[in-house]
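# Residue-level structural notes
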Amino acid sequence: MTADADTRPGTTLISALTARARATAHPHAPTGPCACADAPLADRPDATVVRHAGTVAKAHAPDADPTALALRVRVAARLPDVLLAPLAPAPVPLRDRLVTFWPYGAPVDPDDPDAAPWESAATLLARLHRAPVPPGLPPMRGPAKAARAVDRLRSALRATPHAPARAAAGPVLAAWAALPGWAGAAAPMPGPAALCHGDLHLGQLVRHPAPDGPWKLIDVDDLGAGVPAWDLARPAAWYACGLLPPDEWTRFLTAYRRAGGPAVPPDGDPWPALDVPARALTVQTAALAVTKALAAARPLDEVEQAVADACARMPALPPRRAPGIPD
Amino acid sequence: MQCPKCHAPMHTYNRNGVQIEQCSGCRGIFLDYGELEALTRLESQWSQPAPPPPAAPQAYPAAPAAPAWGAPHGGGHGGHGGHGHYGHQRHKSFGHMLFSS
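Residues numbered from 1 in each chain as written. Chains lettered and ligands numbered in written order. Predicted model: local features only at pLDDT ≥ 70, side-chain atom pairs only at ≥ 80, totals over all residues. Heavy atoms only, no water.

Taking an unreviewed UniProt entry as the reference, chain A is identified by name as Aminoglycoside phosphotransferase domain-containing protein belonging to Streptomyces echinatus.

## Here's the deal with the packing of helix 7 (residues 229–240) of chain A against helix 8 (residues 246–258) of chain A
All names here are of chain A. Two numbers describe how helix 7 lies on helix 8: the axes approach to 10 Å, and their chain directions differ by 155°. As judged from the angle between their axes, helix 7 and helix 8 are roughly antiparallel. The element helix 7 and its partner helix 8 pack so that their crossing is left-handed. Each of Leu232, Pro235, Ala236 and Tyr239 in helix 7 lies in contact with helix 8, whose residues at this interface are Pro246, Trp249, Phe252 and Tyr256. Of the residues in the contact of helix 7 with helix 8, the class split is eight nonpolar, no polar and no charged. (Axes fitted to C-alpha atoms, helices over the stretch in contact; angles between N-to-C directions. Helix = DSSP H or I, 4+ residues; strand = E, 2+ residues; numbered from the N terminus. Parallel < 35°, antiparallel > 145°, perpendicular 65-115°, else oblique. Left-handed = near helix turned anticlockwise from the far one by under 90°. Contact = heavy atoms within 4.5 Å. Nonpolar A, V, L, I, M, F, W, Y, C, P; charged D, E, K, R; others polar.)

## As for the sheet that holds strand 9 (residues 215–217) of chain A
Sheet strands associate in pairs through backbone hydrogen bonding, adopting either a parallel or an antiparallel arrangement. Residues and elements named next belong to chain A. With antiparallel pairing, three strands are arranged side by side in an open sheet as 6-8-9. Edge positions in the sheet fall to strand 6 (106–107) and strand 9, since each has one partner strand and no second. Across the face of the sheet, helix 4 (residues 118–130) comes into contact with strand 8 (205–207) and strand 9 while running at roughly 50° to strand 9. (Pairing = 2+ DSSP bridges.)

## Overview of the nonpolar core
Membership of the largest hydrophobic core comes to 100 residues, with the highest contact counts inside it found for A:Leu83, A:Leu217, A:Trp249, A:Trp271 and B:Leu98. Here this core takes 13 residues from helix 9 (residues 271–296) of chain A, the largest share from any one element. Counting residues domain by domain, this core receives three or more from each of domain 1 (35–103) and domain 2 (105–317) of chain A. Here A:Trp249 is in contact with A:Leu232, A:Pro235, A:Ala236, A:Tyr239, A:Leu244, A:Trp271, A:Leu274, B:Pro64 and B:Ala65, once residues within four sequence places are set aside. Listed in part, the ten residues of the second largest apolar core include A:Val50, A:Ala57, A:Ala59 and A:Leu94. (Core = buried A, V, L, I, M, F, W, Y, C linked by side-chain atoms within 4.5 Å. Buried < 20%, exposed > 50% of the residue type's maximum accessible area, 1.4 Å probe, protein only. Domains from an automatic or database assignment.)

## Here's the deal with the UniProt feature "domain: Aminoglycoside phosphotransferase" (unreviewed entry) in chain A
Per the UniProt record, the feature "domain: Aminoglycoside phosphotransferase" (unreviewed entry) sits at residues 108–265 of chain A. End-to-end, the C-alpha atoms of residues 108–265 of chain A are 29 Å apart, and along that stretch the chain is 45% helix and 8% strand. (UniProt positions renumbered as here; feature names shortened; annotations may be inferred.)

## Focus on the environment of A:Val73
All names here are of chain A. Here Val73 is to be found in helix 3 (residues 66–78). Val73 sits 28 residues away from Phe101 along the chain, and the two C-alpha atoms are 10.0 Å apart. Not counting chain neighbours up to four residues away, the residues in contact with Val73 comprise Pro86, Ala88, Pro89, Pro91, Thr100, Trp102 and Val220.

## Looking at the interface of chain B and chain A
In many analyses, interface size is given as the accessible surface area lost on bringing the parts together. With 38 residues of chain B at the contact, the number on the chain A side is 53 residues. Between chain B and chain A the total buried area reaches about 3900 Å² when both faces are included, carbon and sulfur atoms providing 60% of it. Applying the counting rule to chain B against chain A returns zero salt bridges. Of all the elements in the fold, those that place two or more residues in the side of chain B that touches chain A are strand 2 (18–23) and helix 2 (84–97) of chain B. Take the side of chain B that touches chain A: its biggest share by element is twelve residues, from helix 2 of chain B. The residue inventory of the side of chain B that touches chain A, partitioned by class, reads 17 nonpolar, 16 polar and five charged. (Buried area = accessible area lost by both parts, 1.4 Å probe. Salt bridge = Lys/Arg side-chain N within 4 Å of Asp/Glu carboxyl O.)

## Some points on the sheet that holds strand 1 (residues 38–44) of chain A
Residue and element names in this part refer to chain A. Here five strands make up an open sheet; going across it, the order is 1-2-3-5-4 and the pairing antiparallel. With partners counted over all chains shown, the strands left at the sheet margins are strand 1 and strand 4 (92–94), one partner each. For this sheet, the mean inter-axis angle between neighbouring strands, taken without regard to orientation, is 25°. Pairing geometry for strand 4 and strand 5 (residues 97–103), over three bridges, is antiparallel. By the bridge assignment, Val92 is partnered in strand 5 with Val99. Taken strand by strand, helix 2 (residues 13–25) contacts strand 1, strand 2 (47–52), strand 3 (55–60), strand 4 and strand 5, and its axis lies near 40° from that of strand 2.

Shown next as structure tokens:
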């Protein structure tokens, strides 16, 4: 197999992972020469992802819970109309990481806003939210990620004196303080739990088979049981902050409702259900932006400022509550 | 969408301006809220030489609802902000913000 590349001292995780992807792509000649191109797709502290031909290998975060990750991958295998199905049914260890294997899918083009698949994203979410929650599945990790972004901002504030970015941090922390505990994973999520993606954005959709197969959701690391409105809250927050045009928000919301999604009522004002998650994701986005600006000792750019400004308007307006859901 | 009965894919058809979904498997029909009333209304107008009904009703004739903390030129404050703002920021925010955690 690929034991050499896996364990040789000095070999990077990315090259060991590429060897695994190559072996999975060519199971009959795992170490032989091949003409396929290798491409790193992501190399972040929480994930390293490489592609070899039609195979993608992902090394999950060093602190990923093995049992929870296995359950999440199994959900993807069971819902192939909604989530990209894994190539292997269970994660495998590689050094100190767990690795999963997936078929390559074609992503959304970041340079072509008009081609963004808003209806498909909404319909896939509605189907996901209507699927049964498997027993033992842990909570969706959206609120934990929002809390982590705010923690990072607090650490960055302690470390840097850059005045303009420090000034932007105050309203972000104030908006966070006004949210109920569940929005930061400090309390259980309210209401009936649905199967949720947990980290929806436009990088989480691919067409499989590439380049023009049906759209599927990818990345199950944050998938779990929880408040389904969380998965609608990023587009909702982008719309509220003026980053997503009303037409595109309407297309997304209408498609979700048409597909019978349970996160919002079938008609009328969706904001009582969306308000807390959309605030939390606005705060999360602003916290990450201000943290980056602090690290680079630079002011916020125009888009980041729009998100921080929305945080500044929040504390004066108490969060709304979905009917029948306690604080 | 999938048929709630037999799970085959459903296809959308436009009948006199009313969108209906029909299952490609069992041929069952799904009507959204208000569509049955729209069809009944059309039926009652059938004998009259009325002009054709308007195209599919707009889900949101006005700007969609938005939270009060939203942007003045964007979704917030009733959403009456106009579209120039998006043309200005659209590409930047799309590639920059809408693809990251």
